[in-house]
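Notes for the structure review
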Amino acid sequence: MKLFDVYPLNDIVIEKAIGSYVWDDKGEKYLDLYGGHAVISIGHTHPHYVKRIEKQLHRVGFYSNSVKIPLQAEFAEKLGKISGKEDYQLFLCNSGAEANENAIKLASFYNGRKKVIAFKKGFHGRTSLAVAATDNPNIVAPVNETDNIIFLPFNDEGALTDAFTQNDISSVIVEGIQGIGGINVATDSFLQKIRSLCNEYNSVFIADSVQCGYGRSGKFYSHDFAGVDADIYSMAKGMGNGFPVGAISIAPKIQPKHFMLGTTFGGNHLACAAALAVLEVIKKNDLINNAKEVGGYLKDELQKLPNIVEVRGKGLMIGVQLPEELKMVKNNLLFKHKIFTGEAKPNVIRLLPALNITKTEADIFLQAIKTELG
Ligand SMILES: Cc1ncc(COP(=O)(O)O)c(C=O)c1O
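The structure displayed is predicted, hence computed values, not measured ones. Counting starts from 1 at the beginning of each chain's written sequence and moves along it residue by residue. A pLDDT threshold of at least 70 governs which residues receive local features in this predicted model, and a stricter bar of 80 or more applies before side-chain atom pairs are shown or counted, although totals over entire chains, interfaces and linings include all residues.

Comments concerning the site of the ligand
- Every one of the 14 residues lining the ligand counts as a neighbour, but G96, A97, G125, V210 and Q211 are closest to it.
- Counting residues per element, the shell around the ligand draws most heavily on helix α4 (residues 96-111), which supplies three residues.
- When grouped by side-chain class, the residues that make up the shell around the ligand number five nonpolar, seven polar and two charged. By definition, a residue lies near a molecule or strand when the C-beta atom built from its backbone is within 6 Å of it. Starting at the N terminus, helices and strands are each numbered in turn, a helix being any DSSP run of H or I of at least four residues and a strand any DSSP run of E of at least two. Only Asp, Glu, Lys and Arg are considered charged, only Ala, Val, Leu, Ile, Met, Phe, Trp, Tyr, Cys and Pro nonpolar, and every remaining residue, Gly among them, polar.

What follows is the structure, encoded as structure tokens:
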């Protein structure tokens, strides 16, 4: 059987990974500023992470959500504390799309409405509702198409206010920093406007924190910069440092009913062990602060370089927009300088490294991009 060919692949096989470095099958070492797409939060094969998962695997790897799983409650307590949302409730699932799917659905259960506001250049995943709320017609199959999603321009408060006048909006889903859309930061006043309109119309504010959350921006949720609380935060990627874990954190005003949500694998013992290990390392090593400091340093230094159109982002979620004639830089970083980075259209290099990247590692990248930019 052949693999279903859905991605253009780099001809590289990764065989070993430690911290912010990976090695291929020929022994070549690469600096990883991509983090396997914002997934590696505490560094590859972190010893505490490996030990906690291994220990759990020897006790119990999985049992269903029909029994109590104390690891879930322990994780919920730690997540509530570190995110500053101790009165919120946790529902665990397996991926970012699933988290957003559950968030949009829960909002609709809550207020009985159907319309969802999403934004141009937003990305929320590939399951049915999540992909319908994603601004990319190429990945929306006919069966996913729905009139329930209203796409508005990002950061446009006027368009947002107008869309609410029908009083039929169930929820607004918004990334604090658009990732796949090219690292576009939501303004504080835009997020505050979403909050006030959702209050006025009893709509649900969904903060998609799958990529920009979990400390990456220099705050736990990037939406926190605006000083407002969302009603539901969706998260995944950095949560499990590679183990598939997703979740939604739900405000107390949204009350559960049995069977309104459910999952077979979500919150299983191994997933909880992975997620707990990640939170423990983030807290112990003050990684949110490190994201702010090393991210700030990277951004400042990048802004001094020639031939860059714009540097955007917060913390360790940085986009470097290059002119069209420098579109080979990303490939050169990978194949000449052995540095993994991400990309976004048109011609944006995305930096999504582990939150414990050091200044020395940041300097290796800065030196490489300097030589590329001339
Ligand atoms: C902002 C955002 N939301 C949702 C998703 C979907 O997450 P997953 O691929 O885990 O389903 C992604 C994935 O890139 C994302 O960047």
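Digging into helix α9 (residues 287-303)
- Its 17 residues give α9 an end-to-end C-alpha distance of 24 Å, which sits within 8% of 24 Å, the value for a rise of 1.5 Å per residue.
- To sort residues by exposure, count the other C-beta atoms lying within 10 Å of each residue's C-beta; 20 or more gives buried, 12 or fewer gives exposed, and values between give partly exposed, all with C-beta atoms placed from the backbone. Turning to α9, its buried residues are L287, I288, N290, A291, V294, G295, L298 and L302. The arc that holds every buried residue of α9, seen down its axis, measures 145°, which confines them to one face. Residues D300 and Q303 are exposed on α9 and point more than 90 degrees away from its buried face.
- Here the contact rule is simple: place C-beta atoms from the backbone, and any two residues whose C-beta atoms are within 7 Å are in contact. Where α9 is buried, its residues touch α8 (269-284), β13 (310-314), β14 (317-321), β17 (348-351) and α11 (359-373). To estimate how far a helix should extend, the number of its residues minus one is multiplied by 1.5 Å. What the arc describes is the spread of directions from the helix axis to the C-beta atoms.

So, the environment of A368
- Within the secondary structure, A368 sits in helix α11.
- A368 sits 325 residues away from G43 along the chain, and the two C-alpha atoms are 21 Å apart.
- When sequence neighbours within four positions are dropped, the list of residues in contact with A368 reads L333, H337 and I339.

Regarding the nonpolar core
- For this analysis, nonpolar core means a set of buried Ala, Val, Leu, Ile, Met, Phe, Trp, Tyr and Cys residues linked through C-beta atoms within 7 Å. Within the largest apolar cluster, 106 residues are counted, with the highest numbers of intra-cluster contacts made by I206, I232, A274, A275 and V278.
- Ranked by residues supplied to this core, first place goes to α8 with 12 residues.
- Where each domain starts and ends comes from a domain assignment, either automatic or drawn from a database. Both domain 1 (14-42 + 287-373) and domain 2 (47-284) contribute no fewer than three residues apiece to this core.
- Once you skip the residues sitting within four places of it in the chain, V278 turns out to touch S41, I42, Y49, M239, G240 and N241.

Overview of the domain arrangement of the protein
- Once the domains are mapped, the protein shows domain 1 (14-42 + 287-373) and domain 2 (47-284).
- In this structure, domain 1 and domain 2 have C-alpha centres spaced 26 Å apart.
- Taken together, the contacts link 24 residues of domain 1 with 26 residues of domain 2.
- For the side of domain 1 that touches domain 2, the elements supplying multiple residues, two or more each, are α1 (35-38), α9, β13, β14 and β17.
- Among the elements that make up the side of domain 1 that touches domain 2, the one with the highest residue count is α9 (five residues).
- In terms of residue class, the side of domain 1 that touches domain 2 is made up of 13 nonpolar, six polar and five charged.

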